[in-house]
Amino acid sequence: MPRLSEVIAALDALWPPERAEGWDAVGTVCGDPDAEIDRVLFAVDPVREIADEALELGAQLIVTHHPLYLRGTTTVAADTFKGRVVHTLIKHDIALHVAHTNADTADPGVSDALAGALDLRITGPLVPDPTDPEGRRGLGRICELDHPETLADFAARAAARLPATAQGIRLAGDPKSLVRTVAVSGGSGDSLFDAVRAAGVDAFLTADLRHHPASEAVQHSPLGLVDAAHWATEWPWCEQAAAQLDALSDRHGWDLRVHVSKQVTDPWTTHHSSGAPN
């Protein structure tokens, strides 16, 4: 079996930590570099349910997209929910490794997985990484559909292809407008509207669209907006990342057993359509 340090070195080659944003907190949160690893669990969120799942699976390593401690802390006391996660992991010799914005801009990265889940043809990054001479890395992806479809049908495609969440899919724009090109960005994407408009695409699929940026975007142009749950737009990366680690395991003869959590850890659990009484 490989040691944790060997597996982490392979993961860092896929998603180099130096490519993470300066505000981010990526890398190994806990774990003994000399511990042997034979089972790995991928998930979006490092929450208690995922720690418990790893324990039940007998996994020695969890790889998550979201950091456990994005901001500094002065305690890992077990009476805090993050501290309880840390205690559970260390007590049971389970390591935790995070690939966040360094996975967002990777090739392939989070938005490649999102485009793949929707069966879109990628033509390039939405915001290219200027340090990539091949022009493949960067934030978000610009995509084409094989055949034009209405914005309503494209939103229905997203609803059918992405994991189910309480939020579902929200749509802004003319449902009957034709969509030929799409920008996608896993996770929160309303900071990218300038790049989306510059790309001249027909629609933008992302998550966490706020009222004012979304309102201004649809007033500014006929751009269609498709807003999914944050967790749902990033979960496809877990399957992609697991496949990447599987391939590395085969290449190195590690015989790792790699799992993807199917637990929905999106914080929203129920949805009710609103409306004034008649």
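Throughout what follows, the structure given in this document is the object of discussion.

About the criteria used
- Residues numbered from 1 in each chain as written.
- Predicted model: local features only at pLDDT ≥ 70, side-chain atom pairs only at ≥ 80, totals over all residues.
- Heavy atoms only, no water.
- Phe/Tyr/Trp six-rings, centres within 6.5 Å; stacked < 30°, edge-to-face > 60°.
- Helix = DSSP H or I, 4+ residues; strand = E, 2+ residues; numbered from the N terminus.
- Buried < 20%, exposed > 50% of the residue type's maximum accessible area, 1.4 Å probe, protein only.
- Pairing = 2+ DSSP bridges.
- Axes fitted to C-alpha atoms, helices over the stretch in contact; angles between N-to-C directions.
- Salt bridge = Lys/Arg side-chain N within 4 Å of Asp/Glu carboxyl O.
- Parallel < 35°, antiparallel > 145°, perpendicular 65-115°, else oblique.
- Contact = heavy atoms within 4.5 Å.
- Nonpolar A, V, L, I, M, F, W, Y, C, P; charged D, E, K, R; others polar.
- Arc of directions from axis to C-beta.

1. Brief notes about the packing of aromatic side chains
Right, on to step 1. Enumeration according to the criterion identifies four aromatic pairs in this entry.
Right, on to step 2. Measuring from centroid to centroid gives 6.4 Å for tryptophan 231 and tryptophan 235, while their planes differ by 40°, and the two rings are tilted. Of this pair, tryptophan 231 and tryptophan 235 both sit in helix H9 (residues 230–252), four residues apart, which is roughly one turn of the helix. The residues tryptophan 231 and tryptophan 235 share a single accessibility class, namely buried.
Right, on to step 3. Through a chain of ring-to-ring contacts, the aromatic side chains of Trp15, Phe42 and Trp237 assemble into a single cluster.

2. Examining the sheet that holds strand S1 (residues 27–30)
Right, on to step 1. With mixed pairing, the five strands of this open sheet are ordered in space as S1-S4-S3-S2-S11. Where the open sheet ends on each side, the last strands, each with one partner, are S1 and strand S11 (257–260). Within the sheet, the average angular offset between the axes of one strand and its neighbour, ignoring direction, is 25°.
Right, on to step 2. When strand S2 (residues 39–43) meets S11, the two strands line up parallel, connected through four bridges.

3. A look at unusual backbone geometry
For residues that are not glycine, phi is negative in most cases, and the peptide bond is trans in most cases.
Right, on to step 1. In this model, aspartate 107 is joined to proline 108 through a cis peptide bond whose omega is 0°.
Right, on to step 2. For proline 108, the position within the fold is in the loop between helix H4 (101–104) and helix H5 (110–117).
Right, on to step 3. You will see that aspartate 119, though not glycine, has its phi angle at about 60°, which is positive.
Right, on to step 4. Classification of aspartate 119 as partly exposed rests on a relative accessible area of 46%.
Right, on to step 5. The phi angle at aspartate 255 is positive, at roughly 60°, despite the residue not being glycine.
Right, on to step 6. Relative to the helices and strands, aspartate 255 is located in the loop between H9 and S11.

4. Describing the pattern of salt bridges
Right, on to step 1. Counted by the stated rule, this structure contains 14 salt bridges.
Right, on to step 2. With its nearest N and O atoms 2.9 Å apart, the salt bridge here joins aspartate 194 to arginine 197. Residue aspartate 194 and its partner arginine 197 are both found in helix H7 (residues 193–199); the two are separated by three residues, about one turn of the helix.
Right, on to step 3. Assessed through its relative accessible area of 28%, arginine 197 is described here as partly exposed.
Right, on to step 4. Salt bridges linked by common partners bring Arg3, Glu6 and Asp34 together as one network.

5. As for the packing of helix H2 (residues 48–57) against helix H3 (residues 81–91)
Right, on to step 1. The interhelical angle for the contact between H2 and H3, taken along N-to-C directions, is 10°, at an axis separation of 9 Å. Our classification of the angle between H2 and H3 gives roughly parallel. Only Arg84, Val85, Thr88 and Leu89 of H3 make contact with H2, whose side of the interface consists of Arg48, Ala51 and Asp52.
Right, on to step 2. Its residues assigned to classes, the contact of H2 with H3 shows three nonpolar, one polar and three charged.

6. Brief notes about helix H1 (residues 4–14)
Two residues of an α-helix separated by three or four positions point the same way, owing to the 3.6 residues in each turn.
Right, on to step 1. Within H1 the residues assigned to the buried category are Leu4, Val7, Ile8, Ala10 and Leu11. Within H1, the buried residues cover an arc of 160° as seen down the axis, which keeps them to one side.
Right, on to step 2. Elements in contact with the buried residues of H1: S1, strand S3 (61–64), strand S4 (95–98) and H9.

Everything listed is a geometric property; what it means functionally is a separate question.
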